[in-house]
Amino acid sequence: MNNGLSRTVVDVHYYNLFDDATFGNMTVQQNIDYIKTTRAQTLHSLVSANGPLIFVGEWVNEWDLNNATQSDYQRYGDAQLQVYGEASFGWAYWTLRNIGSRHWDLEWMVKNQYLRLPASNQS
């Protein structure tokens, strides 16, 4: 990314949804691997010593999978938290509460242990 952009933050949004050609037929492990490889590489390519700060400003622990287990969501969430935690300006989940869709609801996901926040994020 362009160097010398002081006082600048680049906001990226990551979803393994809305693109059936890429994500429509992926398994649990393929989604996790995509986060750990493709998304991690993209995020790291944006970070530079003199470049802007990087903020993962929108993501959810949801995907295009039927019958995913709680353990599947935990593993997927762990991968996202690990990778997005590397963003130089941090990250933000889609929303604290979402009545219409519990997997888009950070409070529900944490309370029901579908998303396990690192101890440093829970204070």
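This text follows the structure it describes.
Residues numbered from 1 in each chain as written. Predicted model: local features only at pLDDT ≥ 70, side-chain atom pairs only at ≥ 80, totals over all residues. Heavy atoms only, no water.

Moving on to helix H3 (residues 70–84). An α-helical segment advances 3.6 residues per turn. Residues three or four places apart therefore align on the same side. When the terminal C-alpha atoms of H3 are compared, their 21 Å separation across 15 residues agrees well with the 21 Å that a helix rising 1.5 Å per residue should span. Turning to H3, its buried residues are Asp72, Tyr73, Gln74, Tyr76, Gly77, Ala79, Gln80, Leu81, Val83 and Tyr84. (Helix = DSSP H or I, 4+ residues; strand = E, 2+ residues; numbered from the N terminus. Expected span 1.5 Å × (residues − 1). Buried < 20%, exposed > 50% of the residue type's maximum accessible area, 1.4 Å probe, protein only.)

It is worth spelling out the environment of Lys36 at this point. Take Lys36: it is sitting in helix H2 (residues 28–46). Separated by eleven residues in the primary sequence, Lys36 and Asn25 place their C-alpha atoms 18 Å from one another. Discounting residues that sit within four places of it in the chain, Lys36 has contacts with Ala79, Gln82 and Val83. (Contact = heavy atoms within 4.5 Å.)

Another aspect to go through is the packing of H2 against H3. Closest axis-to-axis distance for the H2/H3 pair is 9 Å, and the angle between their directions is 5°. What the angle tells us is that H2 and H3 run roughly parallel. Facing H2, whose interface residues are Val28, Gln29, Asn31, Ile32, Ile35, Lys36, Arg39, Ala40 and Leu43, H3 presents Asp72, Arg75, Tyr76, Ala79, Gln80, Gln82, Val83 and Tyr84. Class assignment for the residues of the contact of H2 with H3 results in nine nonpolar, four polar and four charged. (Axes fitted to C-alpha atoms, helices over the stretch in contact; angles between N-to-C directions. Parallel < 35°, antiparallel > 145°, perpendicular 65-115°, else oblique. Nonpolar A, V, L, I, M, F, W, Y, C, P; charged D, E, K, R; others polar.)

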